[in-house]
Amino acid sequence: MTDAFTLFERHVNPGLAGLLRFTGLDRVESHAEGPYVWDTTGKRYLDFLGLYGTLNLGHRHPRVVEAVKRQLDRMPMSVRILVSEPTARLAAKLAEITPEGLEMVFFGNSGAEAVEAAIKLARAHTGRPTLVTTEGGFHGKTMGALSLTPRPQYQDPAKPLLPGVRVVPYGDLKALEEAMDETVAAVIVEPVQGEGGIRVPPEGYLRGVRELTRRWGALMIADEVQTGLGRTGKLWGVEWEAVAPDLLTSAKALGGGVMPIGACVGRPEVFSVFKENPLYHSSTFGGNPLAAAAALAAIEVTLEENLPQRALEVGAYLMEGLKGLAEAFPHLIAEVRGRGLMLGVEFQDADIGALVVAELAERGVLTAFGLNNPQVVRLEPPLIIGKEHVDEALSALEESLKATEKALEGLL
Ligand SMILES: *Cc1c(COP(=O)(O)O)cnc(C)c1O
C-alpha cells in the first residue's frame with residue numbers, strides 16, 4: 001500500500017511535500033493528546049506550533065470532545081430554517097466576552113470567512129470602497145481576505161484582486177493618517193502580527209488606529225483570528241490598549257482545537273444591513289451546531305481555567321529562557337519577542353531558521369516559520385502547558401542551536 005506521504009506529494013501538494021521533506025518532516029501524523037502528537041512510526045512530538053494559535057486548549061481537550069460528542073448524537077447540522085440553540089447561545093456568549101458595544105455575530109467556518117464578512121459589512125455600512133491594511137499583515141487567502149494580505153507570492157498569481165486596497169507600514173500611525181480620507185470604509189489590523197513574524201506594535205498604536213478611524217468615519221476591524229482567546233495573555237489582543245473596535249474577527253482557537261469555526265463580531269449599527277436584507281451574507285455550514293458546541297465549551301474552559309493569565313505566566317518563563325539562548329547564540333539569534341504565548345525567535349537569516357526548525361523536529365519539537373516572514377520561527381504552544389513542557393522545548397532548542405552552529409562551521 002502506498003504511504004500517505006507519497007499520496008499527499010502526488011495528489012495534494014508536491015511543493016509543500018518537498019518543504020516538509022527538507023525539514024525532516026516527511027512523516028504522517030497518527031494521534032494526539034494535550035500538547036503531544038505522535039507520527040505513524042511512534043515518534044512523539046511536543047507541539048510548540050499549536051496549529052498557528054488554534055490549539056490553545058491542546059489537542060482533544062476532554063470537555064470540548066465531550067460537548068461535540070453530545071451534540072453529534074443530537075443534531076450536528078442545522079436545518080437553517082429553524083434556529084439552532086448552540087449557535088444562538090454562542091453568539092450571546094461572544095457578545096458578552098468581546099469588548100464593549102460588540103453585540104452581533106456572523107458565523108463562518110474559518111478566519112478568512114470571518115474577514116470576508118467584515119469586508120462586506122464595512123462596505124455595506126459605510127457605502128465607501130477603500131480598505132486599508134498593513135505590510136506583513138495576514139488575513140487569509142480567499143479573494144477578499146487575500147486582497148488584504150499583501151504578499152506577492154500569494155497575491156500575484158491570483159490578480160486582479162479587490163480594487164481600493166491601500167497598504168501602510170504596521171505600527172506607523174503617521175503613515176496611516178496619510179492614507180485616511182473620506183473614501184476609507186475600514187482599517188484592518190492584527191493586535192500582534194502573527195504570520196508577519198510576531199510583531200508587537202509600539203504602545204499606543206491600537207488606540208491611535210481607533211482614533212484615526214473614528215475621526216474619518218471609518219471602521220476599525222481587529223483581526224483576532226490568531227491573537228484571540230488568551231493567546232497574548234489577555235482574552236483579546238485589543239485589551240492590551242483597552243480598545244473596542246467596530247468589528248472583531250475570531251477563528252483558529254474558537255473551535256477549541258476540535259472543530260473549525262470563524263466569527264465576525266460587531267456593533268449593531270454595522271450589522272443593520274441584515275435588517276433590510278437578511279440574506280446579504282450567509283454560509284451553509286457557518287456556526288453549525290457541532291462547531292458552536294465546541295466553541296461554547298472552549299470559551300468555558302478558557303475562562304474557568306483563566307488561560308489568558310496562564311499564557312502570561314508560562315509565556316514569561318519561556319521568554320526568559322529564550323532570552324538566555326539569544327545571549328548565548330548571538331550569531332544565530334537576532335531577537336526574541338512577543339506577548340503571552342505568542343512568541344517569535346528572529347534568526348540572523350532565514351536559512352539558519354530553517355536549519356533550527358529541522359533540528360528541533362528531529363528532537364521531537366514542532367515549530368514553524370511565519371508565512372510572511374521566514375526569518376522568524378514562531379512558538380505558539382497550547383496555553384495549558386506547564387513549565388516542564390517549556391523546559392523540554394528549551395533544552396531541545398539549545399541542542400538544536402549547538403547542532404546548527406556545528407553544521408554552519410562545516411560550511412565555512
Ligand atoms: C490564520 C489567520 C487568518 C486566516 O484564517 P484561516 O482559518 O486560515 O482562513 C486570518 N487572520 C489571521 C490574523 C490569521 O492568523
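For clarity, every value in this text was computed on a predicted model and none was experimentally measured. (Residues numbered from 1 in each chain as written. Predicted model: local features only at pLDDT ≥ 70, side-chain atom pairs only at ≥ 80, totals over all residues. Heavy atoms only, no water.)

In many reports, interface size means the accessible area that the parts give up when they come together. Per the domain assignment, the segments of the protein are domain 1 (7–60 + 306–407) and domain 2 (62–304). The straight-line distance from the C-alpha centre of domain 1 to that of domain 2 is 26 Å. Facing 34 residues of domain 1, the contacting portion of domain 2 comprises 40 residues. Buried surface at the junction of domain 1 and domain 2, summed over both partners, amounts to about 2,800 Å²; 56% is from carbon and sulfur atoms. Across the salt bridge formed by Arg378 and Glu195, the nearest N and O atoms sit 3.0 Å from each other. (Domains from an automatic or database assignment. Contact = heavy atoms within 4.5 Å. Buried area = accessible area lost by both parts, 1.4 Å probe. Salt bridge = Lys/Arg side-chain N within 4 Å of Asp/Glu carboxyl O.)

The first and last C-alpha atoms of helix H5 (residues 85–97) sit 18 Å apart over 13 residues, in line with the 18 Å expected at 1.5 Å per residue. Residues of H5 that are buried include every one of Pro86, Thr87, Leu90, Leu94, Ala95 and Ile97, and no others. (Helix = DSSP H or I, 4+ residues; strand = E, 2+ residues; numbered from the N terminus. Expected span 1.5 Å × (residues − 1). Buried < 20%, exposed > 50% of the residue type's maximum accessible area, 1.4 Å probe, protein only.)

Spatial strand order, E11-E12-E15-E14: four strands in an open sheet with antiparallel pairing. At either margin of the open sheet sits one strand with a lone partner, and together these are strand E11 (333–339) and strand E14 (368–370). Taking each pair of neighbouring strands and ignoring which way they run, the sheet shows an average axis angle of 35°. Direction of pairing for E11 relative to strand E12 (residues 342–347): antiparallel, over a ladder of six bridges. Each bridged residue has a counterpart across the sheet, and for Ile333 the counterpart in E12 is Phe347. (Pairing = 2+ DSSP bridges. Axes fitted to C-alpha atoms, helices over the stretch in contact; angles between N-to-C directions.)

Before going further, it helps to spend a moment on the packing of aromatic side chains. Tallying each qualifying case throughout the model produces four aromatic pairs. An angle of 70° between the planes, with centres 5.4 Å apart, marks the rings of Tyr170 and Tyr205 as edge-to-face. Residue Tyr170 is found in the loop between strand E6 (165–168) and helix H9 (173–179), and its partner Tyr205 is found in helix H10 (residues 205–215); the two are separated by 35 residues along the sequence. Each member of the pair Tyr170 and Tyr205 is classed as buried. Here Phe274 and Tyr280 contribute two aromatic rings whose centre-to-centre distance is 6.4 Å and whose plane-to-plane angle is 65°, an arrangement assigned as edge-to-face. In this arrangement the basic side chain of Arg44 is found over the ring face of Tyr36, its NZ or CZ atom lying 3.8 Å from the centre. Seen from the ring of Tyr280, Lys120 lies directly overhead, with NZ or CZ sitting 4.6 Å from the centre. (Phe/Tyr/Trp six-rings, centres within 6.5 Å; stacked < 30°, edge-to-face > 60°. Lys NZ or Arg CZ within 6 Å of the ring centre and 35° of its normal.)

Along strand E7 (residues 184–189), six of the six residues are buried, which leaves the element largely enclosed by surrounding structure. In terms of handedness, the path from E7 via H10 over to strand E8 (residues 219–223) forms a crossover that is right-handed. (Right-handed = clockwise from strand over helix to strand, strands pointing away.)

Surveying the vicinity of the ligand reveals the residues Ser110, Gly111, Ala112, Phe138, His139, Gly140, Glu190, Asp223, Val225, Gln226 and Lys252. One of the backbone nitrogen or oxygen atoms of Ala112 is found 2.8 Å away from an oxygen atom of the ligand. Between the ligand and Lys252 there is a distance of 2.7 Å, counted from an oxygen atom to a side-chain nitrogen or oxygen. Taken by itself the ligand offers 380 Å² of open surface, and the protein chains cover 82% of this. Counted by class, the shell around the ligand contains three nonpolar, five polar and three charged residues. (Near = heavy atom within 4 Å. Polar contact = N/O pair within 3.5 Å; in protein donor to acceptor, adjacent residues only side chain to side chain. Areas by Shrake-Rupley, 256 points an atom, 1.4 Å probe, with all protein chains shown as cover. Nonpolar A, V, L, I, M, F, W, Y, C, P; charged D, E, K, R; others polar.)

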